[in-house]
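What the coordinates show
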Amino acid sequence: MPLRALAAEHPDGIVNLALGTPVDPSPAVARAALAAAADAPGHPATEGTPEFREAATRYLKRRLGAEVAETAVLPAVGTKELIAWLPAALGLGPGDTVAYPRLSFPTYDVSARLAGATPLAVDLTAGPPASAPNLLWLNSPSNPDGRILTAAELREYVEWGRKHGVLVVNDECYIEHGWTAEPVSILHPDVSGPGHEGVLAVHSLSKRSNMAGYRAGFVAGDERLVRTLLEVRRHAGLIVPAPIAAAMTAALNDDDHVHEQRLRYAKRRKLLLDTLLGRGFRVDDSAGSLFLWATEGRPCWDTTRNLAGLGILVAPGEIYGPAGENHVRLALTATDERIETAVTRLRR
């Protein structure tokens, strides 16, 4: 029986911890801005509105300590499409290599294949790979295991990338969600120095602001590369609608809703973490992001099926790469009621 169907048979309903999709309300400031900008008869600008660019650069400075020019920021129709098409948009293709962590979200691999480049999963636990690809994806804080790279580790990748002519891109969609360590942006001067040559950061409002349904994100960093992306995306029609840009602007200018959401996730995380440990699981990494990376020391599919029998659906670690074969990923993106239900079932 499929695992989802097995979990759905539980008399008290399924608890879906397999997906990382937000369930809490989008911020009121974003919803109000979206409605106010709904009358939008003209074509939006690919580079975004001046208000958006100002909000994005102010956010990067205020929250992450990164100084970025407004011309080095570009909005995206959600960061998943941005990631998927970025190598191709920058001219990579057959004969080029796109590397990414051996435990990672599948879209990094997809980005190489869409460009016709060679995808290469690499073990980054000991630093940069031995052979230099054309582009290296990082993801800190990471999905699925929640690992956070320190400023020194990120700086090593940036310096290595510049030495070997490798573009280094950090997917920072979970950068507001550090729990036992403080995430650092690759754009911070302690990491990339006074400039951002050969470096890009990808940011999403899906997790930060519960705006996954808006498809709202942006890329920032190397101004020359951002300019190239702008020209390609303009001709491809990859343009953020004006009402969405207005909602993004409002969300980036507001930190209160981010703090409120962090408190929700912190409560859910503690409940779930304590319960898993009490049941005999080991939770590895998980310093950041919206997931717990847990193991019983057995194949992930066995654990996944056992939990499905309790009506709890989780993600088997192997889908993120062979290195996840003995882990499962549990998302914090479920309602308080569903998290509490999962905890009750696990404690029985």
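For clarity, every value in this text was computed on a predicted model and none was experimentally measured.

Examining the domain arrangement of the protein chain
Along its sequence, the protein chain is organised into domain 1 (2-25 + 256-347) and domain 2 (28-253). A straight line from the C-alpha centre of domain 1 to that of domain 2 covers 27 Å. Across the contact, 27 residues belong to domain 1 and 29 residues belong to domain 2. Interface of domain 1 and domain 2: buried area, both sides summed, is about 2,300 Å²; carbon and sulfur atoms make up 60% of it. Among the residues domain 1 hides against domain 2, the three largest losses belong to Arg262, Ala287 and Tyr320. Together they make up 24% of the total. Across the domain 1-domain 2 interface, the total number found is 15 residue pairs in polar contact (both at pLDDT 80 or more). Those elements that place two or more of their residues in the side of domain 1 that touches domain 2 are α11 (256-278) and β10 (291-295). Here the side of domain 1 that touches domain 2 takes seven residues from α11, the largest share from any one element.

Thoughts on the packing of helix α4 (residues 79-89) against helix α9 (residues 223-236)
Packing of α4 against α9 leaves a shortest axis separation of 11 Å and a crossing angle of 105°. The angle between α4 and α9 falls in the class roughly perpendicular. In this structure, α4 uses Glu81, Leu82, Leu86 and Ala89 to contact α9, whose residues at the interface are Thr228, Leu229, Val232 and Arg233. Here the contact of α4 with α9 is built from residues that sort into five nonpolar, one polar and two charged.

Section: the side chain of Glu81
Mapped onto the fold, Glu81 is located in helix α4. On the basis of relative accessible area, Glu81 is assigned to the buried category, the value being 15%. Here Arg233 takes part through its side chain, which lies 2.5 Å from a polar atom of the side chain of Glu81. Among residues more than four places away in sequence, those in contact with Glu81 are Ala76, Arg233 and Leu238.

Here's the deal with the sheet that holds β10
Within a sheet, adjacent strands bond to each other through the backbone by hydrogen bonds, running parallel or antiparallel. With antiparallel pairing, the four strands of this open sheet are ordered in space as β9-β10-β13-β12. Because the sheet does not close on itself, it has two edges, and the strands there are β9 (282-284) and β12 (315-316). Alignment of β9 against β10, held across three bridges, turns out to be antiparallel. Directly across from Val283, in β10, lies its bridge partner Ala294. With respect to the sheet, α11 is in contact with β9, β10 and β13 (328-331), its orientation differing from that of β10 by roughly 0°.

With respect to the side chain of Thr295
Looking at the secondary structure, you find Thr295 in strand β10. Since its relative accessible area comes to 4%, Thr295 is described here as buried. A polar atom in the side chain of Thr295 sits 2.8 Å from the backbone nitrogen of Gly297. Looking at Thr295, its side chain comes within polar contact range of the main-chain oxygen of Asn326, at 2.5 Å. In this view, Thr295 contacts Phe281, Arg282, Asp284, Asn326 and His327; residues no more than four positions away in its chain are not counted.

Points about helix α12 (residues 300-309)
Side chains three or four residues apart in an α-helix point the same way, a direct result of the helix having 3.6 residues per turn. Of the residues making up α12, those classed as buried are Cys300, Thr303, Thr304, Leu307 and Ala308. The arc that holds the buried residues of α12, viewed along the axis, is 135°, so those residues lie on one side. In the core, the buried residues of α12 are packed alongside α1 (3-8), β11 (312-313), β12, β13 and α13 (336-347). Of the residues trailing α12, Gly311 is marked for its positive phi of about 80°.

Criteria and thresholds
Residue numbers restart at each chain and count upward from 1, following the sequence in its written direction. Only residues with pLDDT of at least 70 are given local features in this predicted model, and only at 80 or more are side-chain atom pairs given and counted; all residues enter the totals for whole chains, interfaces and linings. Side-chain descriptors were evaluated using all non-hydrogen atoms of the structure, hydrogens and water having been removed beforehand. The start and end points of each domain follow an automatic or database-based domain assignment. For this analysis, residues touch if any pair of their heavy atoms sits within 4.5 Å. Buried surface area refers to the total accessible area, computed with a probe of radius 1.4 Å, that the two partners give up upon joining, counted for both partners together. Any N or O atom pair separated by 3.5 Å or less is treated as a polar contact, with the protein-specific requirement of one donor-capable and one acceptor-capable atom, and with residues adjacent in sequence counted only for side-chain atom pairs. A run of H or I in DSSP becomes a helix once it reaches four residues, and a run of E becomes a strand once it reaches two; helices and strands are each numbered from the N terminus. A fitted line through C-alpha atoms represents every axis, and for helices the fit uses only the stretch in contact; the resulting angles, taken between N-to-C directions, go from 0 to 180 degrees. Any angle between 65 and 115 degrees counts as roughly perpendicular, while under 35 counts as roughly parallel, over 145 as roughly antiparallel, and the rest as oblique. Amino acids outside the nonpolar list (Ala, Val, Leu, Ile, Met, Phe, Trp, Tyr, Cys, Pro) and the charged list (Asp, Glu, Lys, Arg) are all regarded as polar, and Gly is one of them. Exposure is judged per residue with a 1.4 Å probe applied to protein chains only, and the accessible area is read against the type maximum: over 50% gives exposed, under 20% gives buried, and values in between give partly exposed. Strands are treated as partners if at least two bridges between them are detected by DSSP. Along the arc lie the directions from the helix axis toward the C-beta atoms.

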